[in-house]
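What follows is each chain in one-letter form.
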Amino acid sequence: MLAYPSDPPLSPDDAPPAQAPVERERRGVIYQVWNMNLSPGDNDQVDCLYTWNGKDRALRLDANHVKHCWAELQYKDIKTMKITKITFYCD
């Protein structure tokens, strides 16, 4: 997940500097939090880059009125980081 001010390129090759999330790990889950729209005039958005049925896809979400976004990534093995479930939500 990438979160940053709006209107940058959507391609992962041309991605702008993304805001680093606050991150912690506990019992097989990585928790990430982004504080959104911190500066006056910010118009943040969230890009979700993923693979579905073998095809790379992208989804851009408007986050202009969002204060925080959270991601929870469950994994089986911290060494391989094979993610088994992702939960993402914003307020």
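Residues numbered from 1 in each chain as written. Predicted model: local features only at pLDDT ≥ 70, side-chain atom pairs only at ≥ 80, totals over all residues. Heavy atoms only, no water.

Visitor: Looking at this structure, how should I read the state of the cysteines?
Guide: Think of a disulfide as a covalent bridge from one cysteine sulfur atom to another cysteine sulfur atom. Tallying each qualifying case throughout the model produces 1 disulfide. With its sulfur 2.1 Å from that of its partner, cysteine 69 forms a disulfide with cysteine 90. Between cysteine 69 and cysteine 90, the disulfide has an S-S torsion of 100 degrees and is therefore right-handed. Taken together, the residues span a long stretch of sequence, with cysteine 69 in strand 6 (residues 68-75) and cysteine 90 in strand 7 (residues 83-90) at a distance of 21 residues. A disulfide-free cysteine, cysteine 48 has its sulfur positioned 8.5 Å from the sulfur of cysteine 90, the nearest such atom. (Disulfide = S-S within 2.5 Å. Helix = DSSP H or I, 4+ residues; strand = E, 2+ residues; numbered from the N terminus.)

Visitor: Sorry, what's going on with the pairing of strand 3 (residues 29-35) here?
Guide: Each regular strand carries side chains that alternate between the two faces of the sheet. The sheet contact formed by strand 2 (residues 22-26) and strand 3 spans 5 bridges and is antiparallel. Looking at the pairing, arginine 26 lines up with valine 29 of strand 3. Linking two consecutive strands that pair antiparallel, namely strand 2 and strand 3, is a turn of 2 residues; a positive phi of about 50 degrees is found at arginine 27 within it. In terms of strand pairing, strand 3 meets strand 6 through 7 bridges, oriented antiparallel. Bridging across to strand 6, tryptophan 34 finds its partner in cysteine 69. (Pairing = 2+ DSSP bridges.)

Visitor: Just to check I follow, could you spell out a nonpolar patch on the surface for this structure?
Guide: Together, Tyr50, Trp52, Leu59 and Leu61 give the surface a local cluster of nonpolar side chains, amounting to about 400 Å² of exposed area. Within the residue set of the nonpolar patch, elements represented by two or more residues are strand 4 (44-52) and strand 5 (55-62). Structurally, tyrosine 50 is set in strand 4. Taking the relative accessible area as the measure of exposure, tyrosine 50 reaches 37% and is therefore partly exposed. (Patch = residues over 30% accessible without salt bridge, like charges linked within 9 Å, V, L, I, M, F, W, Y side chains within 5 Å. Areas by Shrake-Rupley, 256 points an atom, 1.4 Å probe, with all protein chains shown as cover. Salt bridge = Lys/Arg side-chain N within 4 Å of Asp/Glu carboxyl O. Buried < 20%, exposed > 50% of the residue type's maximum accessible area, 1.4 Å probe, protein only.)

Visitor: Would you mind going over the environment of arginine 27 with me for this structure?
Guide: Of note, arginine 27 is situated in the loop between strand 2 and strand 3. Among the residues examined, arginine 27 registers a relative accessible area of 75% and is labelled exposed. Between the C-alpha atoms of arginine 27 and glutamine 74, which are 47 residues apart in sequence, the distance is 9.0 Å.

Geometry only, nothing functional implied.
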